[in-house]
Amino acid sequence: QVQLVESGGGLVQAGGSPRLSCAASGDIICISDMAWYRQAPGRERELVADISSGGHTNYAESVKGRFTISRDNAKNTLYLQMNSLKPEDTAVYYCFAHCPEGGRDYWGKGTLVAVSS
């Protein structure tokens, strides 16, 4: 089992630059890819950015150039640096981890980012 705990959310003004963190614990050695997803009110959960164990990254078009995903394997922590926030970035942000062995996926409980205009 892997436990994921997000932090860093809250109320932010448009244009702000918060950083989300996701601390992983448990059977972390199994983790390969990690990602951030978000779900806005009334909308489906969507991929924001993902990062492979080797550091290869991928971003949603809506955040490309504004958000940066990174991971510190020594600290077992995933990050999402968010810049130039817009009201439409308001959502609950979820941390995700994939363990290829057994095809297991894990989710954090989410952290709310609310962007005021």
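My aim in this report is to walk through the structure given alongside it, one point at a time. (Residues numbered from 1 in each chain as written. Predicted model: local features only at pLDDT ≥ 70, side-chain atom pairs only at ≥ 80, totals over all residues. Heavy atoms only, no water.)

Inspection of the sheet shows strand β4 (residues 34-39) paired to strand β5 (residues 46-51) by 5 bridges, in the antiparallel sense. Within the sheet, the bridge partner assigned to Ala35 lies in β5 and is Asp50. Hairpin remark: β4 followed by β5, antiparallel, with 6 residues in the connecting loop; positive phi at Gly42, about 75°. Pairing of β5 with strand β6 (residues 57-59), which is carried by 3 bridges, proceeds in the antiparallel orientation. Its bridge partner being in β6, Asp50 is matched across the sheet by Asn58. The turn joining β5 and β6, which pair antiparallel and follow one another in sequence, is formed by 5 residues; a positive phi near 95° is taken by Gly55. (Pairing = 2+ DSSP bridges. Helix = DSSP H or I, 4+ residues; strand = E, 2+ residues; numbered from the N terminus.)

What follows concerns unusual backbone geometry. A negative phi angle characterises most non-glycine residues, just as the trans form characterises most peptide bonds. Despite not being glycine, Asn76 shows a phi value in the positive range, around 55°. Mapped onto the elements, Asn76 comes out in the loop between β7 (67-72) and β8 (77-82). By relative accessible area, which is 30% here, Asn76 ends up partly exposed. (Buried < 20%, exposed > 50% of the residue type's maximum accessible area, 1.4 Å probe, protein only.)

Mapped onto the elements, Arg43 comes out in the loop between β4 and β5. With relative accessibility at 57%, the residue Arg43 sits in the exposed group. Separated by 36 residues in the primary sequence, Arg43 and Ser7 place their C-alpha atoms 22 Å from one another.

Take the pattern of salt bridges next. Evaluated as defined, the whole model comprises 5 salt bridges. Note that Asp27 is salt-bridged to Arg104, the shortest N-O span being 3.6 Å. You can see Asp27 sitting in the loop between β3 (19-26) and β4 and its partner Arg104 sitting in strand β10 (residues 104-107), a full 77 residues away along the chain. Judged by its relative accessible area of 25%, Arg104 is partly exposed. (Salt bridge = Lys/Arg side-chain N within 4 Å of Asp/Glu carboxyl O.)

Before going further, it helps to examine the nonpolar core. If you look at the biggest cluster of nonpolar residues, it comprises 31 residues, and the most contacted ones within it are Leu4, Trp36, Leu80 and Tyr93. Secondary structure elements with two or more residues in this core: β1 (2-7), β3, β4, β5, β7, β8, β9 (91-99) and β11 (111-116). Ranked by the residues each element gives to this core, the list is headed by β9, at 5 residues. (Core = buried A, V, L, I, M, F, W, Y, C linked by side-chain atoms within 4.5 Å.)

Function cannot be inferred from these measures alone, as they are strictly geometric.
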